[in-house]
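# Reading the structure
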Amino acid sequence: MGRGRALAVGIVVVLIVLIISLRGVAHFYTDYLWFRSLHLTGVWSGVLGAKLALAAIFMVLFFGLMFANLLIADRIAPAFIPDPEEELVQRYRDLVGHRTGLVRVVVSAVFAVVAGAGVSSQWNDWILFTHARSFGVKDATFHTDVGFYVFRLPFLTFLGSWLFAAFIIILIVTAVAHYVNGGIRVRSPRPEVGPQVKAHLSVLLGVLALVKGYQYWLQRYQLTFSHRGTVNGALYTDTNVELKSIYLLILIAAFALVLFIVNIWRRGWVLPVIAVGLWALVAVLAGAVVPWFVQRFRVQPSESSTERPYIEHNIKATRHALGLDKIQIKPFGGSAQLTPGDLTKNTTTVRNIRLWDPTVMQTVYSKLQAQRPYYEINDVDVDRYDLNGELTQVLLSNRDLDTSGVPQRSWEATHLAYTHGYGTVMAPANASDQGRPDFTLFDIPTSSTKGAPDIKQPDIYFGEGQSGYVMVNTGRTEVDYTDKNNRTHTTKYVGKDGIKVGAGLSGLVNRAAFALRFGDINPLISSNVRSSSKILINRDVEQRLHAVAPFLSWDHDPYVVTLKNGRVVYIVDGYTTTRHYPNAQTVDTSDIPSGSGLDHDFNYVRNPVKAVVDAYDGTVKLYVVDKTDPIIDAYRSAFPKLFVDGSKASADLRSHFRYPEELFRAQSTMYGRYHLTNPDDFYNKNDAWTLALDPNVGTSGRNAEVAPTASGAQPKSTDRMDPYYLLMRLPDQSSASFLMLRPFEPVASGANTRQQLTGFMAAQSDPSDYGRVTVYQTPSSNLPDGPRLIADQMTSDPVVSRVQTLLCQQGANCVYGSTFLVPIDNSLLYVRALYVAAENNGLPQLKRVIVATQHGDATDVAIDPTLYGALSRLLCPGSHLSETENAPNCGLPSTRETAVQASTPATPTTPATPTTPSLPGALSASDAAKAKNLIAQLDAALADGRAAYGRGDYATWAQDQSKVDDYTQQLQSLFSSSSGSASTTTTTTPRTTTTLKG
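All figures in this text were calculated on a predicted structure; none of them were measured in a lab. (Residues numbered from 1 in each chain as written. Predicted model: local features only at pLDDT ≥ 70, side-chain atom pairs only at ≥ 80, totals over all residues. Heavy atoms only, no water.)

This part is about the sheet that holds strand S18 (residues 499-500). Pairing within the open sheet is antiparallel, and its three strands lie in the order S15-S19-S18. At either end of the open sheet lies a strand with only one pairing partner, and these are strand S15 (470-472) and S18. Judged from the three bridges that link them, S15 and strand S19 (residues 534-536) form a sheet pairing that is antiparallel. The residue of S19 that forms the bridge with Met471 is Ile535. (Pairing = 2+ DSSP bridges. Helix = DSSP H or I, 4+ residues; strand = E, 2+ residues; numbered from the N terminus.)

Further remarks concern the state of the cysteines. Within the structure shown, the criterion is met by one disulfide. Cys808 shares a disulfide with Cys814; S-S distance 2.0 Å. Disulfide Cys808-Cys814: torsion about the S-S bond near -115°, hence left-handed. The class of Cys814 is buried, set by a relative accessible area of 1%. (Disulfide = S-S within 2.5 Å. Buried < 20%, exposed > 50% of the residue type's maximum accessible area, 1.4 Å probe, protein only.)

Attention now goes to the nonpolar core. If you look at the biggest cluster of nonpolar residues, it comprises 109 residues, and the most contacted ones within it are Tyr365, Leu829 and Val851. Sequence-distant contacts of Val851, defined by excluding residues within four places in its chain, comprise Met794, Leu829, Tyr830, Val831, Asp860, Val861, Ala862, Leu867, Ala870, Leu871 and Leu874. Listed in part, the 102 residues of the second largest apolar core include Phe58, Val541, Val548 and Phe657. (Core = buried A, V, L, I, M, F, W, Y, C linked by side-chain atoms within 4.5 Å. Contact = heavy atoms within 4.5 Å.)

Attention now goes to the confidence of the model for the chain. Summary statistics for the chain give a mean pLDDT of 85 and a share of 86% for residues scoring 70 or more. Across residues 698-715 the pLDDT falls below 50, and counting only partners more than four positions away or on other chains, this stretch makes 48 contacts in the model. Across residues 880-885, where pLDDT falls below 50, the model places 15 contacts with residues more than four positions away in sequence or in other chains. (pLDDT = per-residue confidence, 0-100.)

Another aspect to go through is helix H21 (residues 661-674). In this model, H21 (14 residues) spans 19 Å end to end at C-alpha, consistent with the 20 Å of a helix rising 1.5 Å per residue. Within H21, 12 of the 14 residues are buried, which leaves the element mostly enclosed by the surrounding structure. (Expected span 1.5 Å × (residues − 1).)

The next thing to look at is a nonpolar patch on the surface. Nonpolar side chains collect at one region of the surface, where Leu102, Val106, Val110, Phe111, Val114 and Ile169 lie side by side and expose about 510 Å² of accessible area between them. For the nonpolar patch, the leading source of residues is helix H4 (residues 100-117), giving five residues. Mapped onto the secondary structure, Phe111 falls in helix H4. (Patch = residues over 30% accessible without salt bridge, like charges linked within 9 Å, V, L, I, M, F, W, Y side chains within 5 Å. Areas by Shrake-Rupley, 256 points an atom, 1.4 Å probe, with all protein chains shown as cover. Salt bridge = Lys/Arg side-chain N within 4 Å of Asp/Glu carboxyl O.)

Our focus in this paragraph is the packing of helix H11 (residues 308-321) against H21. Put simply, H11 and H21 touch, their axes get as near as 11 Å, and they point 155° apart. Comparing their axes, H21 and H11 come out roughly antiparallel. Every pair of crossing elements has a handedness; the one defined by H11 and H21 is left-handed. Here Asn314, Ile315, Thr318 and Arg319 of H11 come into contact with H21, specifically with Met670, Tyr671 and Tyr674. Taken together, the residues of the contact of H11 with H21 sort by class into four nonpolar, two polar and one charged. (Axes fitted to C-alpha atoms, helices over the stretch in contact; angles between N-to-C directions. Parallel < 35°, antiparallel > 145°, perpendicular 65-115°, else oblique. Left-handed = near helix turned anticlockwise from the far one by under 90°. Nonpolar A, V, L, I, M, F, W, Y, C, P; charged D, E, K, R; others polar.)

This brings us to the side chain of Gln122. With respect to the helices, strands and loops of the structure, Gln122 is situated in the loop between H4 and helix H5 (123-130). Judged by its relative accessible area of 19%, Gln122 falls in the buried class. Sequence-distant contacts of Gln122, that is, excluding residues within four places in its chain, are made with Leu54 and Phe158.

The next point concerns the pattern of salt bridges. A full pass over the atoms with the stated rule returns 28 salt bridges. With a shortest N-O distance of 2.7 Å, Asp497 and Arg544 are connected by a salt bridge. With Asp497 in the loop between strand S17 (488-491) and S18 and Arg544 in helix H18 (residues 541-548), the pair connects residues that are 47 residues apart, well separated along the chain. When sorted by exposure, Asp497 lands in the same class as Arg544, which is buried. Across the pair Asp825 and Arg729 runs a salt bridge, and its minimum N-O distance is 2.5 Å. You can see Asp825 sitting in the loop between strand S31 (812-824) and strand S32 (827-838) and its partner Arg729 sitting in the loop between strand S27 (724-728) and strand S28 (737-746), a full 96 residues away along the chain. With respect to class, Asp825 is no different from Arg729; both count as buried. Shared partners join several salt bridges into a network, and the residues in it are Asp591, Glu661, Arg665, Asp722 and Arg742.

Next up on the list: the pairing of S28. Here is the key point about a regular strand: its side chains alternate between the two faces of the sheet. With 10 of its 10 residues buried, S28 lies for the most part within the structure. Bridge count between strand S26 (residues 689-691) and S28: three bridges; the pairing is antiparallel. Within S28, the residue paired with Leu691 across the bridge is Phe744. Pairing analysis gives five bridges linking S27 to S28, with the strands arranged antiparallel.

This paragraph deals with the environment of Asp74. Mapping Asp74 onto the fold places it in helix H2 (residues 41-75). Distance from Asp74 to Gly101, taken between C-alpha atoms, is 9.1 Å for residues 27 residues apart in sequence. Apart from the residues lying within four places of it in its own chain, the contact partners of Asp74 are Thr100, Arg104 and Asn181. Side-chain polar atoms of Asp74 contact the side chain of Arg104, separated by 2.5 Å. (Polar contact = N/O pair within 3.5 Å; in protein donor to acceptor, adjacent residues only side chain to side chain.)

The angle between the axes and the distance between the axes are what describe a pair of packed helices. Relative to each other, H2 and helix H6 (residues 146-180) sit at 30°, their axes nearing to 10 Å. Relative to H6, H2 is oriented roughly parallel. The handedness of the crossing between H2 and H6 comes out as right-handed. For the pair formed by H2 and H6, the contact residues are Leu54, Phe58, Leu61, Phe62, Leu65, Met66, Asn69, Leu70 and Ala73 on the first element and Phe155, Phe158, Leu159, Trp162, Ala166, Phe167, Ile169, Ile170, Val173, Thr174, Ala177 and His178 on the second. Its residues placed into classes, the contact of H2 with H6 shows 18 nonpolar, three polar and no charged.

A separate point is the pairing of strand S34 (residues 858-864). Along S34, six of the seven residues are buried, which leaves the element largely enclosed by surrounding structure. In this structure, strand S33 (residues 844-855) lies alongside S34, joined through seven bridges in antiparallel fashion. Residue pairing across strands places Val849 opposite Asp864, the latter belonging to S34. Once S33 ends, the chain turns through two residues before running back antiparallel as S34, passing Gly856 with a positive phi of about 65°.

Below, the discussion takes up the packing of aromatic side chains. The full count for this structure, using the stated rule, is 44 aromatic pairs. Residues Phe155 and Phe158 carry aromatic rings whose centres are separated by 5.9 Å and whose planes lie at 45° to one another, so their mutual orientation is tilted. With a gap of three residues between them, Phe155 and Phe158 both fall in helix H6, about one helical turn apart. The two residues Phe155 and Phe158 agree in class, both being buried. Plain terms: the ring middles of Trp689 and Phe744 are 5.3 Å apart, the flat faces sit at 40° to each other, and that makes the pair tilted. You can see Trp689 sitting in strand S26 and its partner Phe744 sitting in strand S28, a full 55 residues away along the chain. Here the two residues Trp689 and Phe744 agree in accessibility, since each one is buried. Taken together, the ring pairs in this structure connect Phe58, Phe62, Trp126, Phe129, Phe155, Phe158 and Trp162 into an aromatic cluster. Lying across the ring of Trp217, Arg220 places its NZ or CZ 3.5 Å from the centre. (Phe/Tyr/Trp six-rings, centres within 6.5 Å; stacked < 30°, edge-to-face > 60°. Lys NZ or Arg CZ within 6 Å of the ring centre and 35° of its normal.)

Here Tyr29 is to be found in helix H1 (residues 2-37). Sequence separation between Tyr29 and Asn510 is 481 residues, and the spatial gap between their C-alpha atoms is 8.7 Å. With near-sequence residues (within four places) excluded, Tyr29 lies in contact with Val509, Asn510 and Ala513.

Time to look at unusual backbone geometry. Between Ile444 and the following residue, Pro445, the backbone shows a cis peptide bond with an omega angle of -5°. With respect to the secondary-structure elements, Pro445 resides in the loop between strand S12 (441-442) and strand S13 (447-448). Its identity is not glycine, yet Asn583 carries a phi of approximately 70°, on the positive side. Residue Asn583 is classed as buried on the basis of its relative accessible area of 3%. The backbone phi angle of Asp687 is positive, close to 65°, even though this residue is not glycine. Note that Asp687 resides in the loop between helix H22 (679-684) and S26.

Right under this line is the structure:
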């Protein structure tokens, strides 16, 4: 009866474990089905194989070590217990009896599972260890190839830690075994240990000393990652004190090993105690006290000279690890006066100056082009396309599915009927139509103009922010889109991706597995699910890539590309990183957006992979575009079927590769100091740079809120200017290219008092010069003003201030766009857009363009409803001073924005009319006459101001506005001096402007 109950309890326990683990098993099984559907089972089996191999190897190793030591403990146990006081030992023997072998197996197995299971988390280090490559570069400290540090050292270090912890556990368990076997007897005044037991424990202690010596040997190499001094890496104290201390500890570990072995033939434990005591003393003195003393009293008083050679090592290693050593440096004047001829020579640059910020455009697209509540504009991307034979910078986005907006909130609707987004929205970054984007791809079904790409497959099954699963080819027809006449069009998915449900028993198993995975019984019981149905999972592009290649760091911003073959794809940048590059500086990631794949500690980075995900069928291709990176070479060796050679990417696809923003952020942040190659200049920060202060985060209170970056994520550091894409001609080049730019300013002590422009970094993206990074440096003797100073002069300009006051009345919110620095030959042009959004609909409209340029100590500012008009006022002789009625035409290149507005002129916003004061009866006759005269003058000034504003004559309008203010003040003084209660003149209060980063 007892055995039957035990069996029943065992069965119940097994069933409970199975039920609890069923969902995990289902997840494991469906993952396999998903990888198989993508023909990437090699990745699934490769990662799983590495995890299982590690767990199995270390479990078997630990089991063997533990079992062998327990076997020895049993074999040398005394045959009987002479001391009757050891009642616990006697009871153990009575209980175990002849089952000591079973006890050894169970104890060894339990500890082996605990010690070995967690090792599977080291699968990535194991893959790199087994596919190690040479960097072809040796570190300056130990003259060892960098590949050893990156590929070998991490796993070897883990192995040493694991062995030390394993033998500590084995020592403790073995000592307990000796006690319960009677080999160790607890007596007063000291425990008694048999000679054989003593020998056994001494050997284990000796092994621990040997393992510790091995750890010390590896610890030498860890000095190259030291954070002790002014820079990372092995510095003076590390190489002259810490390293010698480590060598001393290695000798002591070897000496301790000898003492532990000698202790086998000696009585007592004096020698082991001496060994451990000496070891601890030297570890504290030589490993901590002495290095601190030397660092504090030898190094810090003369740090610059003492650390000079080691700083040089850090500079060289950091520049190579981050690719800074390949950056070209070129001079840039920056102070030449900008002329109309300069703009004429740079027509492509002028026509592509970006007036629409991606963050503003996301709001505009959402309001004008989302079309239906179940579509969502998750992100707006910047790219370049050939429109009517002209390379044009554009902003584009897909309409992703927003399940929360589905009209009917049933399982059938959200998982079977509404399965995908629809279409792409595109507009030139420089064009507007009465303050709105001039769309080239728009509406549902998709319409196109101006030579925009012809999208043949607009259905978006895979995109951004796509969670959960959908089922296609079911008994429920899929909603494709609803047209303007509210007619619903349906579709059937014919893409490659998707896990086929299948028929018979396998189909039932598959449906049950997905029901368990999703915690939803509907996939199992729905009559709409057929054997030919498919389940689409991992529909979010980032999530998909993390599953396909979890060993790479992925950019957080997939960007949309419409190809000439009519397909819509996403391109995502993949990075290889490590924090084990010897003597290199850890990257400052304060500028990296949260959620980015680079938001972690690293001191080496490359961008060797461009991932392409088809928005319709979910197919994934990982193109290797940098074969010089040893890390991606190791992964290609481990997963040969996962990667595709970059040369196999089509020319159309390659034309849309962009230099990644997050890599550019890391490089530009670190370059500010690491452009200095002289150790003395580096230490003293002579001519060190920092990223230019963000004009949108000033001290005048204009930054009501900080918007996301151009790629959609919230930056962690918001006081520095974000990088931005431009389509322009660089000063020393003959043709325009698509590039990313970011300006610098000097490092200043105190509260950022120096805001001049020291230079700017530009990274090019066109196929012919992809990856070329150049820094254009301004002359140190004549630094022009930086972006924030220019932006402050823009907003404080009297005409700009008046226009802002006029536009930002009650019922309208003004938003400043990003301030763009646009280098043109040896001159600098700054451009900033001003958007106005009515409170009733919140739709931002492009209302004004502010431009500025500096020559010598003078800064000229102009504003106009169009970029063309603003440039004309700025550069045509005298126009920026006189502000004539219409913007003069002095041969400037036309812009897309003005070309559009020429055909559909924008209706100027009329100024708000002040309320005319009523005349109180208490005024005397003379005061009443004065009041009537002032009111007449006030009305005339208002009328003249509205007329001047309508024709664009802002100077005259500003003069009339001053008159209005003067007449109003006179009226207020007149009424306040009267004894009666006068009603004062009321005017509309201007709205506070906000600034927007993009």
